[in-house]
Structure formats: C-alpha cells, structure tokens
Amino acid sequence: MLNPKTFLKDFIVGPIYNFHQNYVGKYARHTYCKKIANFIFNRSKETALIMLIFNSISIVSSHLSQIGGLKKSKRENKDYLINQERQELGLDLLLTIIPPFILNNFLMKKLDSGEWTTKSARTYLTDRIAPTVGASRNELYNTSHIKPFKENVKDSVEEFITTIKKSGKLPNFINDKIPMPVKKFVDKVPMVSMEDITTDFDLIKKGQFKQFYNGKAYDEINGQRNGMLILATIGYTVIASNIIMPILKNKLANHSYKKQLERMGETPESIKRKKRFEFYNSTPIKIEEHSVFNTFSDNKTASAGNYTKNQQNNIFKNFNKYTSQSNDLRI
C-alpha cells in the first residue's frame, strides 16, 4: 500500500508539475513561440499562405469550442446541436478551409510559370533582369519549387508524426503502433526560382534600379505576384464565409431538422398543430361584463315581463312628459 507521500508525488504533484513544465511553463512557452516565429519567418514570403493557415485555425478552434461547450451544457437537445456543429465543421473544411489552399497553389503555378502575368512584368524579366543575372527563360519561369497540395499535406503529416515520436511523450503502446515516416531521397538538379533571380538582380544593382518599385526587382515582380495571391485569397474567403456558407448551413440545418422529426415520427405540420393546440388550451377565455351574451340575457328577461324598476319609471316618465304639456289634452 502506498503511503500518502508517495501517492501525492506520483499521482498528484508529479503529473501537475510535469504538465506545467511541458505545456505551460516558461520553457514550454519559449519553445512554442520560437517554433511559431520560425514558421512565420520561413513562410513570410507567402503572405497568402499564412493568412489561410491562421484563418483555418480560427474556424476549426471555433467549432471545437462550440462542441466542447455543448457537451458540458445541460440542454435537452445538446446531442442534436453537437451533431449539427460537427456537420458544419465538415462543411467548413470542404468549402472554407481546403479549397483556398488548392486555389493558392494553382495560382502560384500560373503566376510563377509566366502563364498569368502582366505585360510590364514579362518585359522586365526577359529584357532587364534575365540578361543582368545570366538566367535563361526556363529559370525565369521555373515552378519545380512549388509542390502539389497533396504532397504538402503528406509532408506536413509526416513531419508532425516524426516530431511527436521523437518527443517521447506518447505512451509506448501507441508509439509502437505508429511507424516512423521514411522520406524518399529524390535526386533533382537544383533550379533557381523567380525570387532568387530578382534577389540576385537587386544585389547586382544594389537596389537602385529606378524603373522598379522601391528600386528593387523583388518588390516590383514578386510584389505583383504576392498581391494577386492575397487578393484571390481574401476574395474567396469573403465569398465563401459570408455568402456561400450561410446559405448551405441554413439548408443543412433544415435538412437535419426534418431528419430529426422523422426519427421522432413527426412532421413540421404536426409540430405546428401541436403548438397551436397547446396555445389555445393554455389561454383562458374571459367573458366581458358587457358582452353579447349579457345583452341577450337582458333582452330575454325583459321579454318575459320582468322589467326592472328603472325601466318602468323611464317608460311612464316619458309618457307623462308628453301628456302634461297642454291642459286641454287628456286621455
């Protein structure tokens, strides 16, 4: 039997201390922040990609937080709402998160290959930049550095698995079942990209070429390319998030609601009828003091000869009024 000291050390104080050191403490924060900073620095040239990644993180974290909050709530229909939130997460993945990455990759190939470009950029590259740095046309419009979207996803997953396995934080029975990714060595002749060529031109001209924006070929040529990528990314994200997704989510919610009613053996019309029935049963009917029924009762009583004293006085008073105006008239 464990003594209290050992129990506290192994099961309470120890795990809390390790969790704080690995995930919350100063060293852990420094490690995570350093990795994020390195990632942003390495990808800083691809501003559109950075925007897409952080937008994806915000969308996924929003759905996951909603699901977590619903699981902890005491609402009667929380299972239905959780299922609805998961469906919307899948819809966001299909239309808001994954397509922009594919679009960004597609546009990068079109722009870097020179297939889609401006006339001024093409003229500068072929007539000014290429002769200065000694680059051929194949090098100017090389796209070998752009990986397909599937290959990027595969590399990211393999890198994540490798990092997790090397960290040693997984239990042994899980760590043994996950194989270590093996990268295939591909012997390729290194090719320069448009960024390398424009950078070399700026080094030769020392960033003082007056015909270019800021005197630099990198700002002129790559600025146009990155600007087009950012515009396309923002445009698709705005259209998908604010126009397409609300319509599809509304249709999905209606479809899920009808399926839920079918499982309950109900229809929207039957639910409406039940609500109207409950409303009428819960609303008391008040009979006003001067209602139609009271008037009918008064008339019925009067026809039976049960005149009140006021009614009789009023009748004879009016008769005497007309007969007493002349002394010559008597009945």
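1. A look at the pattern of salt bridges
- In the structure shown here, the tally under the stated rule is four salt bridges.
- The partner of Lys110 in a salt bridge is Glu115, and the shortest N-O contact between them spans 3.0 Å.
- On the basis of relative accessibility, which here comes to 18%, the residue Lys110 falls in the buried class.
- Measuring nitrogen to oxygen at the nearest pair gives 2.9 Å for the salt bridge that ties Arg225 to Asp112. Of this pair, Arg225 sits in helix H10 (residues 217–263) while Asp112 sits in helix H4 (residues 78–112), placing them 113 residues apart in sequence.
- By relative accessible area, which is 7% here, Arg225 ends up buried.
- Where salt bridges share partners, they join Asp112, Glu195 and Arg225 into one cluster.

2. Describing the packing of aromatic side chains
- This model, assessed by the stated rule, comprises five aromatic pairs.
- Both rings, one in Phe209 and one in Phe212, keep their centres 4.7 Å apart while their planes meet at 50°; by these two values the pair is tilted. For the pair Phe209 and Phe212, a shared accessibility class is recorded, and that class is buried.
- Put simply, the rings of Tyr124, Phe201, Phe209 and Phe212 touch in pairs and so form one group of aromatic residues.

3. As for the packing of helix H3 (residues 47–72) against H4
- At a closest axis distance of 9 Å, the pairing of H3 and H4 adopts a crossing angle of 175°. Considering the angle they form, H3 stands roughly antiparallel to H4.
- Each residue belonging to the contact of H3 with H4 can be placed in one class, and the counts come to 16 nonpolar, six polar and six charged.

4. What to know about empty space enclosed by the protein
- Tallying each qualifying case throughout the model produces one cavity of 30 Å³ or more.
- When its volume is computed, the largest cavity comes out at roughly 100 Å³.
- Of all elements in the fold, only helix H5 (119–133) and H10 reach the threshold of two or more residues within the lining of the largest cavity.
- It is H10 that contributes the most residues to the lining of the largest cavity, four residues altogether.
- A breakdown of the residues in the lining of the largest cavity according to their chemical character gives eight nonpolar, three polar and one charged.

5. A word on H4
- Relative to the 51 Å expected for 35 residues at 1.5 Å per residue, H4 spans 49 Å between its end C-alpha atoms, a close match to the ideal helical length.
- The axis of H4 is deflected most strongly, by about 40°, at Leu93.
- The positive-phi residue at the C-terminal boundary of H4 is Gly114, with phi of around 80°.

6. A few points about the confidence of the model for the protein
- Here the protein averages 76 in pLDDT, and 76% of its residues register 70 or above.
- Contacts of residues 299–313 to residues separated by more than four positions or lying in other chains number three contacts, the stretch itself having pLDDT below 50.

7. Some thoughts on unusual backbone geometry
- Of note in the backbone geometry, Lys206 takes a positive phi value of approximately 60° without being a glycine.
- Turning to its location among the elements, Lys206 is positioned in the loop between helix H9 (194–205) and H10.
- The class for Lys206 is exposed, based on a relative accessible area of 67%.
- Backbone geometry at Asn214 places phi at a positive 60°, although glycine is not the residue there.
- As for its position among the elements, Asn214 is in the loop between H9 and H10.

Rules used in this analysis
Residues numbered from 1 in each chain as written. Predicted model: local features only at pLDDT ≥ 70, side-chain atom pairs only at ≥ 80, totals over all residues. Heavy atoms only, no water. Salt bridge = Lys/Arg side-chain N within 4 Å of Asp/Glu carboxyl O. Buried < 20%, exposed > 50% of the residue type's maximum accessible area, 1.4 Å probe, protein only. Helix = DSSP H or I, 4+ residues; strand = E, 2+ residues; numbered from the N terminus. Phe/Tyr/Trp six-rings, centres within 6.5 Å; stacked < 30°, edge-to-face > 60°. Axes fitted to C-alpha atoms, helices over the stretch in contact; angles between N-to-C directions. Parallel < 35°, antiparallel > 145°, perpendicular 65-115°, else oblique. Nonpolar A, V, L, I, M, F, W, Y, C, P; charged D, E, K, R; others polar. 1 Å grid on protein atoms, 1.4 Å probe; cavity = no way out; pocket = protein on both sides within 12 Å on 5 of 7 lines; lining within 4 Å. Points joined across faces, edges and corners; volume = space filled by probe spheres on them. Expected span 1.5 Å × (residues − 1). Bend = angle between axes of the 7 residues up to and from the residue. pLDDT = per-residue confidence, 0-100. Contact = heavy atoms within 4.5 Å.

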